[in-house]
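Take a look at the letters that make up each chain.
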Amino acid sequence: MKPGPAGLLLAAALLASVGQLTVLAAPLSAHGKVKVGWRPAQVRVGDVAWMEIQGVPDNAALEGSLGGRPLAFFPYAGGRAALVGIDVETKAGTQPWRLAVMTAGDPPQTIEGRLKVHRRDFPVQRLTLPTKMVDLNPETERRAVSEADQLRTLYRTVSPERFWRGRFTRPVGGTEPGTGFGSRRVINGQPKAPHTGIDFGAAAGTPVVAVNDGRVALVANFFFPGRLVVIDHGLGLYTLYFHLQEATVTDGDRVHRGQPIGAVGATGRATGPHLHFGAHVGAARIDPATLFELTVTD
Ligand SMILES: [Zn+2]
């Protein structure tokens, strides 16, 4: 049976949309008047991704989610955009996304799609540490669990304002890329949670700077992270600076990109002086190095 003209048109439209997806880095796929684009072209486990929406009326409210995690949109380039975190322990495959456009007087419009998340292989890292830093006594164990809970609660708190702008700078000078994101750690023969930041080797006392504008959300001295600073960049984005020798900011301070916030040290569970730098988006633990690759012009 020969396909009718409608079938041919549909096939041509499908081919055109497939061709566009493979050629362009940030294609905007059309859903009625609303267009949706993703960056980078291939999103991997642990990446921060960028979702851009055009064609939503200015007066409309926009809600969205990826894999059930809510997204925080902000006005961008005449449309809306959101940072999207793909947690380090996400399984590769497709993740459903969903948008709801709500305009007063109209029924809400729902748009759905799927984002392919590519796999990324992480190394296994074997470390030997003093027994007292690994086999905790019950009191230390309780302390470490309560500190981890406090941090998780903080990362789930979404400030409604975007503080960050433009590109993200590195937290320490030099040219070495931070290493170790996603490593499955085996410490003294015991498998542990994946390493969810990157480590910068640097001499004790090396200045550490804020990677973008934000508000200091926490300065503390915790068992594993040691002296730490957490910066809230707004809309669910947090950056973390661990093992500091000292912190030179306090809770609530407004900081700017490149502003010193402390110095590299070896406090907490550290085998030597280094900066552990991490980032969370919507409570997803992402590779903070992918923030440096974002090209956001506003
Ligand atoms: Zn680390």
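Computed from a predicted structure; not experimentally measured.

Criteria and thresholds
Residues take numbers from 1 onward in each chain, read along the sequence in its written order. pLDDT decides what is reported in this predicted model: residues at 70 or higher carry local features, side-chain atom pairs at 80 or more are listed and counted, and totals for whole chains, interfaces and linings draw on all residues regardless. Runs of E in the DSSP output that reach at least two residues are strands. Runs of H or I that reach at least four are helices, and both are numbered from the N terminus. Every C-beta atom is placed from the backbone, and the number of other C-beta atoms within 10 Å of a residue's own sets its class: buried at 20 or more, exposed at 12 or fewer, partly exposed in between. Two residues qualify as being in contact provided that their C-beta atoms, derived from the backbone, are within 7 Å of each other. Pairing between strands is defined by DSSP: at least two bridges between them are needed. To get an axis, fit a line to the C-alpha atoms, keeping to the stretch in contact for a helix; angles then go from 0 to 180 degrees between the N-to-C directions. Throughout this description, the term nonpolar core refers to a group of buried Ala, Val, Leu, Ile, Met, Phe, Trp, Tyr and Cys residues whose C-beta atoms join them within 7 Å. Those domain boundaries reflect an automatic or database domain assignment. Each residue receives one of three labels: charged for Asp, Glu, Lys and Arg, nonpolar for Ala, Val, Leu, Ile, Met, Phe, Trp, Tyr, Cys and Pro, and polar for the others, Gly being one of them.

Caption draft 1: Looking closely at the overall build of the chain. In terms of helices and strands, the chain carries 4 helices and 22 strands. In terms of principal-axis extent, the alpha carbons of the chain reach across some 75 × 40 × 40 Å. Looking at the chain as a whole, 33% of its 298 residues are labelled buried. Contacts in the chain between residues far apart in sequence, at least 24 positions, make up 65% of those at least 6 positions apart.

Caption draft 2: Representation of the pairing of strand β12 (residues 184–187) within the structure. In terms of strand pairing, strand β11 (residues 124–127) meets β12 through 4 bridges, oriented parallel. For Leu-127, the partnering residue across the bridge sits in β12 and is Ile-187. Strand direction decides the pairing type here: β12 and strand β13 (residues 190–191), joined by 2 bridges, are antiparallel. Note that in β13 the partner of Ile-187 across the bridge is Gln-190. Once β12 ends, the chain turns through 2 residues before running back antiparallel as β13, passing Asn-188 with a positive phi of about 50°.

Caption draft 3: Spatial organisation of the sheet that holds strand β3 (residues 43–44). Strand order across the open sheet formed by 5 strands is β3-β10-β9-β5-β6, with mixed pairing between neighbours. On the outer flanks of this sheet lie β3 and β6 (69–71), each paired with one strand and no other.

Caption draft 4: Just the sheet that holds strand β1 (residues 28–31), in detail. Spatial ordering of the open sheet is given by β1-β2-β4-β8-β7, a layout of 5 strands whose pairing is antiparallel. The open sheet has two edge strands, β1 and β7 (74–76), and neither has a second partner. The sheet shows a mean angle of 30° between the axes of neighbouring strands, taken without regard to direction. As defined by bridge partners, strand β2 (residues 34–39) adjoins strand β4 (residues 48–54) across 5 bridges and the pair is classed as antiparallel. Within β4, the position partnered with Gly-37 by the bridge is Glu-52.

Caption draft 5: A look at unusual backbone geometry. With an omega dihedral of -10°, the bond running from Arg-39 to Pro-40 counts as a cis peptide bond. For Pro-40, the location among the structural elements is in the loop between β2 and β3. Within the chain, Ala-77 stands out as a residue other than glycine whose phi angle is a positive 50°. You can see Ala-77 is positioned in the loop between β7 and β8 (79–85). Residue Ala-77 is classed as exposed on the basis of its 11 C-beta neighbours within 10 Å.

Caption draft 6: Layout of the pairing of β8. Of all 7 residues in β8, 6 are buried; the element is thus mostly enclosed. Sheet topology places β4 next to β8; 6 bridges connect them, and they run antiparallel. The residue bridging Trp-50 from the neighbouring strand is Leu-83, located in β8. With 3 bridges joining them, β7 and β8 adopt antiparallel strand pairing. Its bridge partner lying in β8, Tyr-76 is registered against Gly-79.

Caption draft 7: Geometry of the nonpolar core. Judged by nonpolar contacts, the single largest core of 61 residues is most densely connected at Met-51, Val-229 and Tyr-241. Among the elements that take part in this core, strand β18 (residues 237–247) stands out by supplying 7 residues, more than any other. Each of domain 1 (5–118) and domain 2 (124–292) gives at least three residues to this core. Once you skip the residues sitting within four places of it in the chain, Tyr-241 turns out to touch Pro-171, Val-208, Leu-228, Val-229, Ile-261, Gly-262, Leu-275 and Phe-277.

Caption draft 8: Molecular detail of the domain arrangement of the chain. Partitioning the chain into domains gives domain 1 (5–118) and domain 2 (124–292). Here domain 1 and domain 2 have C-alpha centroids that lie 30 Å from each other. Listed by partner, the interface residues are 15 residues for domain 1 and 18 residues for domain 2. Of all the secondary-structure elements, those providing two or more residues to the side of domain 1 that touches domain 2 are β6 and β8. When grouped by side-chain class, the residues that make up the side of domain 1 that touches domain 2 number 9 nonpolar, 2 polar and 4 charged.

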